[in-house]
Amino acid sequence: SQQGEEDPQALSIQEGENATMNCSYKTSINNLQWYRQNSGRGLVHLILIRSNEREKHSGRLRVTLDTSKKSSSLLITASRAADTASYFCATGLGNQFYFGTGTSLTVIP
Amino acid sequence: EAGVAQSPRYKIIEKRQSVAFWCNPISGHATLYWYQQILGQGPKLLIQFQNNGVVDDSQLPKDRFSAERLKGVDSTLKIQPAKLEDSAVYLCASSLDGGVGLNEQFFGPGTRLTVL
């Protein structure tokens, strides 16, 4: 299976701290995407990083990709209570697209 | 811009009954996806359409699941007959053009199915 696996499964931090979650996958990919899911807004795309990119930023988000290690990390800086959600990585290759198992992030006010 | 619309939002049925879900993608989006998300897991792609043609349905249990996208716009996903293990949230997503995983996907709110 090409399904990514996020680590940790659950993470709890204080507001203002940084949160880092990791994704590992098994086969080569075209790109890797991160999504957030919470009860209020459903599943929302955060950022896409292509296989030839190593790092990408979007606001308080920083994503890295290491294709040699088949891994990616998502860093959320200066976390807010509203960042509480599940975060999924999703890997794409050709017509195949797989979501990982997710990291549940809780940001305590 | 209106988002992806899905209905119904919730459905409770008995096993062996049939159920259908409807999805209206964002206007102009050529690609439409159906996902199944079981509680505690990530979404699993069931089928991908580009316009009204099927691009990939390798993970669709074709003995009981079917989907169509007539006229390349709205889509319906049907389960007949339903099993207990079909209890999940069914998500519809769309993207501007083809190539699963190549573009940002916009998700609808999902239909939560409970099979008793």
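Structural data are supplied above this passage.
For the structure given in this document, a descriptive report is provided here. (Residues numbered from 1 in each chain as written. Chains lettered and ligands numbered in written order. Predicted model: local features only at pLDDT ≥ 70, side-chain atom pairs only at ≥ 80, totals over all residues. Heavy atoms only, no water.)

## Digging into the interface of chain B and chain A
Accessible area lost upon the coming together of the parts serves often as the stated size of an interface. The interface of chain B with chain A comprises 20 residues on the first partner and 18 residues on the second. In this assembly, chain B packs against chain A so that about 1500 Å² is buried in total across both faces, 50% of it on carbon and sulfur atoms. Where chain B touches chain A, the interface holds zero salt bridges. On inspection of chain B and its partner chain A, the count reaches two residue pairs in polar contact (both at pLDDT 80 or more). Going through the elements one at a time, β4 (31-37), β5 (44-50) and β6 (53-56) of chain B are the ones with two or more residues in the side of chain B that touches chain A. Tallied by class, the residues present in the side of chain B that touches chain A amount to eight nonpolar, ten polar and two charged. (Contact = heavy atoms within 4.5 Å. Buried area = accessible area lost by both parts, 1.4 Å probe. Salt bridge = Lys/Arg side-chain N within 4 Å of Asp/Glu carboxyl O. Polar contact = N/O pair within 3.5 Å; in protein donor to acceptor, adjacent residues only side chain to side chain. Helix = DSSP H or I, 4+ residues; strand = E, 2+ residues; numbered from the N terminus. Nonpolar A, V, L, I, M, F, W, Y, C, P; charged D, E, K, R; others polar.)

## Section: the environment of A:A85
Along the chain, A:A85 falls in strand β9 (residues 85-93). A sequence separation of 77 residues divides A:A85 from A:P8, and the C-alpha atoms of the two residues are 14 Å apart.

## Considering the pattern of salt bridges
Per the counting criterion, the structure on display carries five salt bridges over all chains. For A:R62, the salt bridge is made with A:E55, and the minimal N-O distance between the two is 3.2 Å. On the basis of relative accessibility, which here comes to 39%, the residue A:E55 falls in the partly exposed class. Of the charged contacts in the structure, one is a salt bridge between B:K62 and B:D57, with a shortest N-O distance of 3.7 Å. (Buried < 20%, exposed > 50% of the residue type's maximum accessible area, 1.4 Å probe, protein only.)

## Describing the sheet that holds strand β8 (residues 75-79) of chain B
Strand pairing in a sheet takes place through backbone hydrogen bonds and is either antiparallel or parallel in direction. All names here are of chain B. Strand order in the open sheet made by the four strands is β1-β3-β8-β7, with antiparallel pairing throughout. A single partner strand is all that each edge strand has here, and the edge strands are β1 (5-7) and β7 (65-68). Within this sheet the neighbouring strands show an average axis-to-axis angle of 15°, counted without direction. Note that β7 and β8 share four bridges and pair antiparallel. (Pairing = 2+ DSSP bridges. Axes fitted to C-alpha atoms, helices over the stretch in contact; angles between N-to-C directions.)

## Brief notes about the state of the cysteines
Residues and elements named next belong to chain A. Summed over all chains, the structure comprises two disulfides over all chains. Covalent S-S linkage joins C23 and C89, the inter-sulfur distance amounting to 2.0 Å. On the sign convention where negative is left-handed, the bridge of C23 and C89, at about 65° about the S-S bond, is right-handed. Remark: C89 occurs in strand β9 and C23 occurs in strand β3 (residues 19-24); sequence separation between them is 66 residues. For C23, a relative accessible area of 1% translates into the label buried. (Disulfide = S-S within 2.5 Å.)

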